[in-house]
Amino acid sequence: DDCWLEKSRSADGHLVPDPVKFPDGIKGTADYVHSLGLKLGIYEDAGTATCAGYPGSYGHETTDAQDFAAWGVDYLKYDNCNQVPGTADTQQEYIDRYSRMRDALKATGRNIVYSLCEWGVQNPWEWGASVGHLWRTTGDISDNYASMESRFELNAPLSAAAGPGHWNDPDMLEVGNGGMTDTEYRSHFSLWAIMAAPLLAGTDLRNPSQATLDILENKDVIAVDQDPLGKQATVLSSAGGHWVLAKPLANGDVAVALFNSTASAAPISTSASAAGLASASGYALHDLWSKNVTGTTGTIAANVPAHGTVIYRVAADPNWASYPPATMVSATVHAPASGANGDYVVPGKPFTVTGSVSNYGGVAGAGATLQLNGPTSYDGIPYEAEATSSTINGGARRSSCGGCSGGQKVGFIGNGAANWVRLNGVSAPAAGTYDLTIYAAVSGTRSLWLSVNDGPGLQIPFTGGSFNSPVPVTVHVPLVAGANTLRFYNDTAYGPDLDRVVLGGGANPAGWTISPSDPVTTPQLGAGQTLSVDWTVTPPKDAGPGTYHLEVDGTLGGQAFTVPLTVTIPAAQMQTGYLSDQQWLEATNFWGPVERDMSNGEQAAGDGHTLTIGGQTYAKGLGVHAYSDLLFYNGEHCASITSDVGVDDEKSGGGKVVFQIWADGRELADSGPVTWQDGPKTLTANIGNTEFVHLIVTNSDDGPDNDHADWAGLQVTCGGSTSVTAPVVGGTVPATLSLTLGAPASFGAFTPGVDRTYSASTTATVTSTAGDATLTVSDPDTGNSAHPPGHLVNGAYALPQPLQARGLKSDTSGTAFNPIGSSLNLLSWSAPVSNDAVTIEFQQAIGADDPLRTGPYTKTLTYTLSTTNP
């Protein structure tokens, strides 16, 4: 894709292939490609020139189509750059222009797949089926999660336009290019497959990693994409970033994708009926990534990791009950802040983890258990030597490194005082001595010197076996609160090549508390039932920065499950000054990186210009491209934030955005729509007593084109405080759950032959310091057809009308009368509650024609006071 084959045109109007790339012409290349059982694709443009300035096909459609056929081309991608000046930019003009090449290709008699690439500008899904075989529905994709997700969201609603021979195309696959995690790449591949999108591999296939091959060669997922029915999945739901898509398949199965676009793992579910499957007693769920097969009575669910996708092939299988029951063990972190990379928590402050195990099979499972364990280890905060935030001086330079994180390193450090690399913005939450692990690659033994904040140098020797295999060395370094610099050098000899440094990290971090700490169990979990637990987790006040690993372990019916969880203690706390000089926790940016003290420019790092809004220039600030989200850690330290905001003057023909400041889930400031024609607007927010701050720029209502947005002069003002921790003074209230019942309720004598409703009551006293409490009443007798649950009985006889009950608190509030049945919720309390006396009232209706047997009609009931906190 996008390989420029045509160098020029000959005098007779024919395309001349680049003689360097194709010394024997394209025909020889096509013959070789075809001998391998592959197809040959070529790139051209519907304008006067391609996007790179080579000859376009406008006015040469017939000749170019004949050349493509003669060369043996099988696939034509037809782009949309350099339209003829003065041509009307209308849908009909696009249709006419792309139809001319359609007709020219058809006239050659060769079967050439025709791919329309006008980026979705004129809604090609409305007309493309009569012109080409596939059409781009979006702008160009980039190798990052935000770009992939946005292309998916644009393409997903267009399912009605797709079908055999005419397909929606959200652009090529980025799988294996390094800009996303393997989880995100699996989502990319799964979502494109369930949308019946073309699967065009956009990575270098000469040396792919095994992880890349495992994704691109998943035949089960490919079969969903290539299913002969040719349906694109429809979106069943997408609330809260939890997507459910269903694609009917030719054999009657349905592919179901559960996509979690958020930054935290989450349970996502649907049903077989909602997915369009025929009614059946049960179904087989084929997980196309894990290859597990389970049976379900109808629920289709999974605990989906952040940015992850679970894709099932669901079949109405008569043998569904022979498979292990479909279950879901889920775990969710309720953290103070979430970002694109996960959940952030604060040292010394509790947060909640919710875990659950559900049984979706057709039979009860024995021995359901849940327990939260950890942290077992934690990863420190990494800082890459080759990052754009680093300063690389003299002869030191970036280079590729197969065994290095990020695939790069900084080499040629040393052999002179000018050749060094400095890592900037290495942040510590407080002044102190920290563990710093340095990863450097060397063959033999060499040394680096380390200067912290321009202090004295520390010699660090490294011994290794390869310049492509970094080895770690851990040292102890003094850091100040906030940003620090680490300069690596060797004035007299070459040092090893520097990969990265990691601040903090280690095994079995101490001081974390989890409540409840013991396993929560139930002897049996019935079909369709869920066991759920809320744990309170508190990191120690001195927890070091990094990502901590916990896990929820569960069992059900002999099956064991583990759900990994991670939370991050942030390092980079905001300090008084310009935020372009400080380190954010993470940044999401639509096009290119966030730029410090310059505009966004284009996609390459450092290609921006002086920040300029309405002719006013700024030396400091951040240049972004909407949609953008920068997350900073305040830690209740800073009081205010202020910035001039606007669309940078480098975009003089468009751009419309909205700037927002959020803290701890609350919006604190909103600029309203700002266009490229507006001057700077000042945005200020009070961020006092907040933990985490998001700086967000949205696309307003016109999409991402030209949305180069500036946070100009962006700075914060912070305070300070001094505190001394004294010994704890106080006592402890144990977790208590107490229920005391009064005398039995009695209706007295019933009178036969008279329509009447009788009343009776008893009392209960409730105490709960364990958690929010609920009082229910239930009938332990399962009954039979003669006397169902919740009916007063006299031997084998039962009153035909059910016993009804309600609860009344001391303030007279309560529920209406309702039949007890097998169980009835009477009242609920928000903990803590102590000695709350309540009345439980009963009603029994007896009709004039209801037969009554002589003797007492009674019922023994069970009252249960329960809490969500075990």
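Residues numbered from 1 in each chain as written. Predicted model: local features only at pLDDT ≥ 70, side-chain atom pairs only at ≥ 80, totals over all residues. Heavy atoms only, no water.

Chemist: Mind showing me how you'd approach the packing of helix α2 (residues 61–71) against helix α3 (residues 91–108) here?
Modeler: Geometrically, a packed helix pair is captured by the angle between its two axes and the distance between the axes. Viewed as axis vectors pointing N to C, α2 and α3 meet at an angle of 45°, and their least axial separation amounts to 8 Å. Viewed along their axes, α2 and α3 adopt a mutual orientation that is oblique. Where α2 crosses over α3, the two elements pack in a sense that is right-handed. Residues Glu-61, Thr-62, Asp-64, Ala-65, Gln-66, Phe-68 and Ala-69 of α2 touch α3, and the partners they reach there are Arg-100, Met-101, Ala-104, Leu-105 and Thr-108. Here the contact of α2 with α3 is composed, by residue class, of six nonpolar, three polar and three charged. (Axes fitted to C-alpha atoms, helices over the stretch in contact; angles between N-to-C directions. Helix = DSSP H or I, 4+ residues; strand = E, 2+ residues; numbered from the N terminus. Parallel < 35°, antiparallel > 145°, perpendicular 65-115°, else oblique. Left-handed = near helix turned anticlockwise from the far one by under 90°. Contact = heavy atoms within 4.5 Å. Nonpolar A, V, L, I, M, F, W, Y, C, P; charged D, E, K, R; others polar.)

Chemist: For this particular structure, what's the right way to read unusual backbone geometry?
Modeler: Pro-375 follows Gly-374 through a cis peptide bond whose omega is -5°. If you trace the backbone, Pro-375 turns up in strand β20 (residues 365–384). In the segment running from Ala-626 into Tyr-627, the intervening peptide bond is cis, with an omega of 0°. Among the secondary structure elements, Tyr-627 is positioned in the loop between β39 (621–625) and β40 (628–633). Positive phi outside glycine occurs at Glu-636, with the angle close to 60°.

Chemist: Teacher, can you tell me more about the state of the cysteines here?
Modeler: Each disulfide consists of a covalent bond between the sulfur atoms of two cysteine residues. Under the definition given, this model contains three disulfides. Note that Cys-401 is cross-linked by a disulfide to Cys-404, the S-S spacing being 2.1 Å. Judged by the sign of its S-S torsion, about 65°, the cystine formed by Cys-401 and Cys-404 is right-handed. A residue is classified by how much of its surface remains accessible, and Cys-401, at 1% relative accessible area, is buried. Taking relative accessible area as the criterion, Cys-404 reaches 7% and is therefore assigned buried. Counting its disulfide-bonded cysteines in sequence order, the chain shows a connectivity of 1-2, 3-4, 5-6. Distance from the sulfur of Cys-117, which forms no disulfide, to the nearest cysteine sulfur (Cys-51) is 7.5 Å. (Disulfide = S-S within 2.5 Å. Buried < 20%, exposed > 50% of the residue type's maximum accessible area, 1.4 Å probe, protein only.)

Chemist: Hey, could you run me through the packing of helix α4 (residues 145–155) against helix α5 (residues 182–194) in this one?
Modeler: Two numbers describe how α4 lies on α5: the axes approach to 11 Å, and their chain directions differ by 15°. With respect to each other, α4 and α5 are oriented roughly parallel. You can see that α4 and α5 cross each other, and the crossing is left-handed. Along its contact with α4, which presents Tyr-145, Met-148, Arg-151 and Phe-152, the element α5 presents Glu-184, Ser-187, His-188, Leu-191 and Trp-192. Here the residues of the contact of α4 with α5 are counted per class, giving five nonpolar, two polar and two charged.

Chemist: In this structure, what is going on with the pattern of salt bridges? I would like to understand it.
Modeler: Close approach of charged atoms lets side chains of opposite charge pair. Within this structure, the stated rule accounts for 21 salt bridges. Across the pair Asp-499 and Arg-500 runs a salt bridge, and its minimum N-O distance is 2.7 Å. Each member of the pair, Asp-499 together with Arg-500, is buried. In this structure, Asp-597 and Lys-620 form a salt bridge, with 3.0 Å as the shortest nitrogen-oxygen distance. Of this pair, Asp-597 sits in the loop between β36 (595–596) and β37 (611–613) while Lys-620 sits in the loop between β38 (616–618) and β39; the two residues are 23 residues apart in sequence, bridging distant segments of the chain. For Lys-620, a relative accessible area of 18% gives the class buried. When salt bridges that share partners are traced, they join Arg-136, Asp-140 and Asp-171 into one network. (Salt bridge = Lys/Arg side-chain N within 4 Å of Asp/Glu carboxyl O.)

Chemist: Looking at this structure, I do not really get the side chain of Asn-80. What am I missing?
Modeler: Among the structural elements, Asn-80 can be located in the loop between β4 (75–79) and α3. Contact partners of Asn-80, with chain neighbours within four places excluded, come to Asp-45, Tyr-94, Arg-97, Tyr-98, Cys-117, Glu-118 and Trp-119.

Chemist: Sorry, what's going on with the sheet that holds strand β54 (residues 823–829) here?
Modeler: Pairing between sheet strands relies on hydrogen bonds along the backbone, with the strands arranged either parallel or antiparallel. Strand order in the open sheet made by the three strands is β54-β49-β56, with antiparallel pairing throughout. Lying at the two open borders of the sheet, with one neighbouring strand each, are β54 and β56 (862–867). Direction aside, neighbouring strands of the sheet carry axes that sit 20° apart on average. Relative to β54, strand β49 (residues 773–778) is paired through six bridges, and the arrangement is antiparallel. The residue bridging Thr-774 from the neighbouring strand is Ser-828, located in β54. (Pairing = 2+ DSSP bridges.)

Chemist: Even after reading the chapter, I still don't get the packing of aromatic side chains, so can you show me in this structure?
Modeler: Aromatic ring pairs are described here by two measures, namely the spacing of the ring centres and the angle between the planes. Inspection of the entire model under this criterion finds 15 aromatic pairs. Aromatic side chains Tyr-98 and Trp-127 sit 6.5 Å apart centroid to centroid with 50° between the ring planes, which places their arrangement in the tilted category. Here Trp-127 lies in the loop between β5 (113–116) and β6 (134–136) and Tyr-98 lies in helix α3, a separation of 29 residues in the sequence. On the accessibility criterion, Tyr-98 (0% relative accessible area) is buried. Members of the aromatic cluster, each reached through a chain of ring pairs, are Tyr-78, Tyr-98, Tyr-114 and Trp-127. A cation over a ring is seen here: Arg-487 above Tyr-489, with NZ or CZ 4.3 Å from the ring centre. We note Arg-500 situated over the ring of Tyr-439; from NZ or CZ to the ring centre the distance is 3.7 Å. (Phe/Tyr/Trp six-rings, centres within 6.5 Å; stacked < 30°, edge-to-face > 60°. Lys NZ or Arg CZ within 6 Å of the ring centre and 35° of its normal.)

Chemist: Explain the nonpolar core to me, please; I cannot follow it from the model alone.
Modeler: Where a protein is soluble and globular, its nonpolar side chains tend to be buried together. If you look at the biggest cluster of nonpolar residues, it comprises 31 residues, and the most contacted ones within it are Phe-152, Trp-192, Ile-194 and Leu-245. For this core, the elements supplying multiple residues, two or more each, are α4, α5, α6 (210–216), α7 (219–225), β9 (242–248) and β10 (254–260). Sorting elements by how many residues they give to this core places α5 first, with six residues. Non-local contacts of Ile-194, meaning those with residues more than four positions away in its chain, are made with Val-224, Gln-232, Ala-233, Leu-245, Lys-247, Ala-255, Val-256, Ala-257 and Ile-311. Core analysis: the second largest hydrophobic core is formed by 30 residues, Leu-630, Val-645, Phe-659 and Trp-711 among them. (Core = buried A, V, L, I, M, F, W, Y, C linked by side-chain atoms within 4.5 Å.)

Chemist: Explanation requested: the sheet that holds β40 in the structure shown.
Modeler: The strand order across the open sheet built from five strands is β35-β40-β45-β42-β43, with neighbouring strands paired in antiparallel fashion. Since the sheet does not close on itself, it has two edges, and those belong to β35 (586–589) and β43 (666–675), each with one partner. In this sheet, adjacent strand axes meet at a mean angle of 10° when their direction is disregarded. Judged from the four bridges that link them, β35 and β40 form a sheet pairing that is antiparallel. Across the sheet, the residue bridging to Asn-589 is Ser-628, located in β40.

Chemist: Please explain the side chain of Ser-447 as it appears in this structure.
Modeler: Mapped onto the secondary structure, Ser-447 falls in strand β25 (residues 432–452). Among the polar contacts listed, one links the side chain of Ser-447 to the side chain of Gln-459, at a separation of 3.1 Å. Apart from residues no more than four positions distant in its own chain, Ser-447 is found in contact with Gln-459, Ile-460, Pro-461, Asn-490, Gly-495 and Pro-496. (Polar contact = N/O pair within 3.5 Å; in protein donor to acceptor, adjacent residues only side chain to side chain.)

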